[in-house]
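Structural characterization, general
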Amino acid sequence: MKYWIFKSEPGVFSWNDLLVSENQTTYWDGVRNYQARNFLRDEVNIGDLVFFYHSNSEPLAIIGFCKVVKAGYPDFTALDPKSEHFDPASSTENPRWYMVDIKAEHEFKSPVTLEILKQSPGLEELRLLQKGNRLSIIPVTKQEAGIIQKLGR
DNA sequence: GCCAACGTTGGC
DNA sequence: GCCAACGTTGGC
């Protein structure tokens, strides 16, 4: 089992949006970055734990965590000309972008804010905290995941 | 709203 | 294959 942070702007898709989704499950569409795509396609698996991070918002924080319930499959929004995420270079035969499905598992008692994360020993290497980081699908080590879990209790 | 950092594009 | 220009991200 692996551990991840998925970033989302709550104005686009928030933790609460996830909670009111059918089965508290959503497909994670719209990733249009190759490194993040590779993670979704090749590495994110059923049962993996996903921390749900709100970016560009108040508070900047991990709100809770999810479980991956469906591993990588083609992002169909890339094939839909009406979608904001349409990519004419992607096709059914040769999909360029991938998505996974995640299901809400637990909301933290209080959000684990960016500030808290920065102050927590053991998270110095966390990609989320590196300057200029823009990756939206971030791998997290088991040790880091344990620390984040503790912070959320 | 600003702007630094980053990824992508496209002309050469 | 280089790199300038551009668009986007995301913390502040």
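This text goes with the structure placed above it.
Residues numbered from 1 in each chain as written. Chains lettered and ligands numbered in written order. Predicted model: local features only at pLDDT ≥ 70, side-chain atom pairs only at ≥ 80, totals over all residues. Heavy atoms only, no water.

To continue, consider the protein's contact with DNA strand C. Around DNA strand C sit Lys7, Tyr53, Ser55, Asn56, Leu60, Leu114, Lys118, Asn133 and Arg134, and those are all the residues in its vicinity. By atom count, sugar and phosphate contribute 67% of the portion of DNA strand C lying within 4 Å of the protein. At a separation of 3.1 Å, a phosphate oxygen of DNA strand C approaches a polar backbone atom of asparagine 56. Here the residues of the surface near DNA strand C are counted per class, giving three nonpolar, three polar and three charged. (Near = heavy atom within 4 Å. Polar contact = N/O pair within 3.5 Å; in protein donor to acceptor, adjacent residues only side chain to side chain. Nonpolar A, V, L, I, M, F, W, Y, C, P; charged D, E, K, R; others polar.)

With that settled, the discussion passes to the protein's contact with DNA strand B. With respect to spatial proximity, the complete set of residues near DNA strand B consists of Asn33, Tyr34, Lys131, Gly132 and Arg134. Close to the protein, within 4 Å, the atoms of DNA strand B belong to sugar or phosphate groups at a rate of 63%. In this structure, a phosphate oxygen belonging to DNA strand B sits 3.3 Å away from a side-chain N or O atom of lysine 131. Here the residues of the surface near DNA strand B sort into one nonpolar, two polar and two charged.

Considering only enclosed or pocket space, the largest pocket measures out at about 730 Å³ in volume. Taken together, 21 residues line the largest pocket, and the ones lying closest to its centre are Lys7, Ser8, Glu9, Asp29 and Gly30. Among the secondary structure elements, those contributing two or more residues to the lining of the largest pocket are strand 1 (3-8) and strand 2 (25-27). (1 Å grid on protein atoms, 1.4 Å probe; cavity = no way out; pocket = protein on both sides within 12 Å on 5 of 7 lines; lining within 4 Å. Points joined across faces, edges and corners; volume = space filled by probe spheres on them. Helix = DSSP H or I, 4+ residues; strand = E, 2+ residues; numbered from the N terminus.)

With that out of the way, let us pick up the side chain of glutamate 144. Inspection of the secondary structure assignment puts glutamate 144 in helix 4 (residues 142-152). Buried and without a salt bridge, glutamate 144 has arginine 127 as its closest oppositely charged side chain, separated by 11 Å. Ignoring sequence-local partners within four residues, the contact set of glutamate 144 consists of Gly122, Leu123, Glu125 and Leu126. (Buried < 20%, exposed > 50% of the residue type's maximum accessible area, 1.4 Å probe, protein only. Lys, Arg positive; Asp, Glu negative; His and termini not counted. Salt bridge = Lys/Arg side-chain N within 4 Å of Asp/Glu carboxyl O. Contact = heavy atoms within 4.5 Å.)

Now for the sheet that holds strand 5 (residues 98-113). The strand order across the open sheet built from six strands is 2-5-4-3-1-6, with neighbouring strands paired in mixed fashion. Among the strands making up the open sheet, the edge pair consists of strand 2 and strand 6 (137-140). In this sheet, neighbouring strand axes are inclined to one another by 35 degrees on average, regardless of whether the strands run parallel or antiparallel. Here strand 1 pairs with strand 3 (residues 49-54) via six bridges, running parallel. Bridged to serine 8 within strand 3 is histidine 54. (Pairing = 2+ DSSP bridges. Axes fitted to C-alpha atoms, helices over the stretch in contact; angles between N-to-C directions.)

Scanning all chains against the criterion turns up 10 aromatic pairs. Note on phenylalanine 13 and tryptophan 28: the rings are 6.3 Å apart at their centroids and 85 degrees apart in plane angle, and the pair reads as edge-to-face. With a gap of 15 residues between them, phenylalanine 13 in the loop between strand 1 and helix 1 (15-19) and tryptophan 28 in the loop between strand 2 and helix 2 (34-43) connect regions that are remote in the sequence. Since its relative accessible area comes to 7%, tryptophan 28 is described here as buried. Ring centres of tryptophan 28 and phenylalanine 52 lie 5.5 Å apart, and the angle between their planes is 90 degrees; on these two criteria the pair is classed as edge-to-face. Taken together, the residues span a long stretch of sequence, with tryptophan 28 in the loop between strand 2 and helix 2 and phenylalanine 52 in strand 3 at a distance of 24 residues. By relative accessible area, phenylalanine 52 is classed as buried at 0%. An aromatic cluster is built from Phe6, Phe13, Trp15, Trp28 and Phe52, whose rings are joined through pairwise contacts. (Phe/Tyr/Trp six-rings, centres within 6.5 Å; stacked < 30°, edge-to-face > 60°.)

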